[in-house]
Amino acid sequence: MTRRSGILLVDDDREDQFIFCDAMNSVDNAQPVHTETNGVDALRYLSSKEHQHLPCVILADLNMPKMTGSELLKQVKINNNLKHIPVVIYTTSVNEMERQACLGLGAHAYITKPLTYSQSIEVAQMIARLCRELQGREGFH
Amino acid sequence: MYDLTKVTLENEMDLVLAHKRSMKLAEIAGLSLSSQTTFATAVSEVARNTIDNGKNGCLTLGISDEKKRSIVACIKDDNLNDPRNKEGLNYAKRLVDKLSIFTEQAENAIELYQYVPNGDRISIQQLDQWRSIFRNEPPVSPYDEIKRKSEQLKELAEKIKQSEDHYRMLTDNIPLMMFSLDSEGKITYINKWMLDYFGLSVDELNKIDHSALVHYEDRPAEQTIRAIVEKEESMKAEWRVRNQSGHFLWHLVYMSPIIKAGASTEWFGFLVDIHAQKTLEQTLRDNRQLKEAQQQLEYNIRELNRSNEELQQFAFVASHDLQEPLRKVIFYSDYFQSKLGAQLDQKSTAYLKGMMDASHRMRILIKDLLAFSQVDKKALELKPVHLETIMNEAISDYEVVIKEKQAVVTVAALPVIEGDGTMLLRLFENLLSNGLKYSRDSVSPVITINAAIKNEVVLIEFRDNGIGFEEEFLPKMFTLFQRLHGKDKFAGTGLGLAICRKIAEMHKGSITAKSHLNNGSSFFVSLPLKQNQ
């Protein structure tokens, strides 16, 4: 098994990409972030042969062109190579039904996009911590 | 008996006539001279009695219709039983072959029979000839002539009367109102139907204003019958005509002049009841119009629903899509303040704060608008809902504010109803938040929630001790974007109560309020216990 590292952020909103990356760079134990803008491209990235290292965490927006976040979540969860990677839904939607649906599909967490700078830092810290935990559990292979 | 001739018995002259005609009858019947004399004498005897003592006497001469033919003289007399007649009768009896006396009921008559030899040969045609003999016989005296003329006149009058009776019977039996007018427009005749319809006789009809009998919407330009008659043209119209009970029924009215050379013009007219036909026509027309109106209405409803849906769609999309850039505005202002706030002077800090406040207000507005558009979009998910649980959930959502404001919230027992829990929670939250928000300065909010069930409907009262409102604003309060206070004083979008009303109405309930300015308010929500009623 390859060692996993970094974060895959799937979001079509460039600003949200910037906000997350900027926050991630400001926290301790910052993790590298690779970005894709939709589910199709994200799956292609995850299955590319040259890519040796799978990400620790996938952070996915819901509302995206080509393939939505929940569809991406489904595809990840039925793929034996990928299903162990935690998918965190990262969205503006506060719809409770949507949240329940995503958790039902196997989402690791459901995070609402930050409205303030301090919130963005909190999100980045949380994701970084999650990565660290997973890396610590797996160790080196 | 076949009648051939008649003689009224009033005086001596009639007696002469009776004798002469009896002689003549016996003669043409072929009897011998002696038999003629005998028959005529017998008739004269009885006729004399009648003239002397009788009443309404009348002699009819004819031929019997029995197989054995006789000449017959029938003398009618209403005073036949006078005892003074007895002698004459006995004499007459001896002279003729048969004498019969009828004194039954109305018929008082004596019949004298004289057999006619070979009488069976007398044919009906012959009888007609004999009748004309009597009719054409030159009068025996001036008296006879006058008498005949008078009889002819009487006969004619009788015929006219019969014909008139016949005519009247006809007009009275056709279900038509008929009338006639003279050249002046005066009514001269109406049939029974017309009398029954108007309840007025000819004289009464001539006295009243005829236009009053016609519905004011149907009255012709001519105000009177006379004006119509003066035009000397037949007319036909459909009018509502008033009957004697005051009801106006549709009739076809027709009037036509009967122009006779040398005589003044008379008019004939009739009225036919066409009410049923008219009513049917009207009903069909009304039905058609109703159907058209209904179709138009259905079309309008469809259009309205469509535009409503579009509007909701728009509200949803607009508010949803507006959220994104706004979130960025809010984030970057915060980012700016966090990273560079320390370097800003006082003025710049105030500007930045103004920008951030405005964007926060806009965020709440968009959130509420989105909520409002979603309330309508969503179908109710009906389940038994314990309102008390929902109410406690709403209270716990506002725990922070309640503590902050040192508010006291008391809830009475609430029932289980059929409804959508999420929506009812929002309804309770909005009302609770209103009670907390519109509190008086330096007076802690006291919110009391009571409930009563009546006719399968629960009425929930949210009573507060806040600033209240003027009741004249009540109708506006539950509509979109209605705010009674400036936003500097109370934050809000004016959507909260509109959402409340929508949720209540979706549950087939309602919401209203009562208040006095500065004296607290009560909001009343009524919700049916079951939705399918």
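Up top you'll find the structure we're talking about.
> Sorry, what's going on with the overall build of chain A here?
Secondary structure summary: chain A contains five helices and five strands in total. Starting at the N terminus and walking to the C terminus, you meet the elements of chain A as β-α-β-α-β-α-β-α-β-α. Long-range pairs, those at least 24 residues apart, make up 71% of the contacts in chain A between residues at least 6 apart in sequence.

> Can you walk me through the nonpolar core in this structure?
A general trend in soluble globular proteins is that nonpolar side chains are found buried together. All names here are of chain B. Ranked by size, the top nonpolar core spans 39 residues in total, and within it Leu 424, Leu 427, Phe 428, Cys 500 and Ile 503 carry the most contacts. Looking at this core, the elements with two or more residues in it are helix 10 (346–377), helix 11 (387–397), helix 13 (421–437), strand 14 (446–454), strand 15 (457–463), helix 15 (496–506), strand 16 (510–515) and strand 17 (521–528). Three or more residues apiece are contributed to this core by two domains, here domain 3 (280–372) and domain 4 (379–528). If we ignore the near neighbours within four places in the chain, the residues touching Leu 424 are Val 385, Leu 387, Ile 390, Gly 419 and Ile 503.

> Got a minute to help me understand the interface of chain B and chain A in this structure?
In many analyses, interface size is given as the accessible surface area lost on bringing the parts together. At the interface, nine residues of chain B touch nine residues of chain A. Class assignment for the residues of the side of chain B that touches chain A results in three nonpolar, two polar and four charged.

> Explain the packing of helix 11 of chain B against helix 13 of chain B to me, please; I cannot follow it from the model alone.
Helix packing geometry: the angle between the two helix axes and the distance between the axes. Residue and element names in this part refer to chain B. Taken N-terminus to C-terminus, the directions of helix 11 and helix 13 make an angle of 50 degrees; their axes are 9 Å apart at the nearest point. For the element pair helix 11 / helix 13, the angle class is oblique. Relative to helix 13, the crossing made by helix 11 is right-handed. When helix 11 is examined against helix 13, the residues Leu 387, Ile 390, Met 391, Glu 393, Ala 394, Ile 395 and Asp 397 are found in contact with a partner set consisting of Gly 421, Leu 424, Leu 425, Phe 428, Glu 429 and Leu 432.

> Looking at this model, I keep getting lost on the environment of Thr448(B). Mind explaining?
All names here are of chain B. Among the secondary structure elements, Thr 448 is positioned in strand 14. The exposure class assigned to Thr 448 is partly exposed, which follows from the 17 C-beta atoms found within 10 Å. Look past the residues within four positions of Thr 448 in its chain and what remains in contact with it is Thr 410 and Arg 463.

> Teacher, can you tell me more about the sheet that holds strand 4 (residues 87–91) of chain A here?
Strand pairing in a sheet takes place through backbone hydrogen bonds and is either antiparallel or parallel in direction. Residue and element names in this part refer to chain A. Pairing within the open sheet is parallel, and its five strands lie in the order 2-1-3-4-5. Two strands bound the open sheet, and with one partner strand each, they are strand 2 (33–36) and strand 5 (109–112). Across the sheet, the mean angle from the axis of one strand to that of its neighbour is 20 degrees, orientation sign disregarded. Judged from the three bridges that link them, strand 3 (residues 57–60) and strand 4 form a sheet pairing that is parallel. Across the sheet, the residue bridging to Ile 58 is Val 87, located in strand 4. The sheet contacts of helix 1 (residues 14–26) involve strand 1 (7–10) and strand 2, and relative to strand 2 the element is tilted by about 175 degrees.

> Help me out: how do you make sense of the sheet that holds strand 6 (residues 177–181) of chain B in this one?
Residues and elements named next belong to chain B. Within the open sheet, the five strands sit side by side as 7-6-10-9-8. Their pairing is antiparallel. In this open sheet, the two edge strands, each paired with only one partner strand, are strand 7 (187–190) and strand 8 (235–242). Along the sheet, successive strands turn relative to each other by an average axial angle of 25 degrees, direction set aside. By the bridge criterion, eight bridges tie strand 9 (residues 248–258) to strand 10 (residues 266–273) in an arrangement that is antiparallel. Paired with Val 253 across the two strands is Leu 271, which belongs to strand 10.

Rules used in this analysis
- Residues numbered from 1 in each chain as written.
- Chains lettered and ligands numbered in written order.
- Predicted model: local features only at pLDDT ≥ 70, side-chain atom pairs only at ≥ 80, totals over all residues.
- Helix = DSSP H or I, 4+ residues; strand = E, 2+ residues; numbered from the N terminus.
- Contact = placed C-beta atoms within 7 Å.
- Core = buried A, V, L, I, M, F, W, Y, C linked by C-beta atoms within 7 Å.
- Buried ≥ 20, exposed ≤ 12 C-beta atoms within 10 Å, placed from the backbone.
- Domains from an automatic or database assignment.
- Nonpolar A, V, L, I, M, F, W, Y, C, P; charged D, E, K, R; others polar.
- Axes fitted to C-alpha atoms, helices over the stretch in contact; angles between N-to-C directions.
- Parallel < 35°, antiparallel > 145°, perpendicular 65-115°, else oblique.
- Left-handed = near helix turned anticlockwise from the far one by under 90°.
- Pairing = 2+ DSSP bridges.

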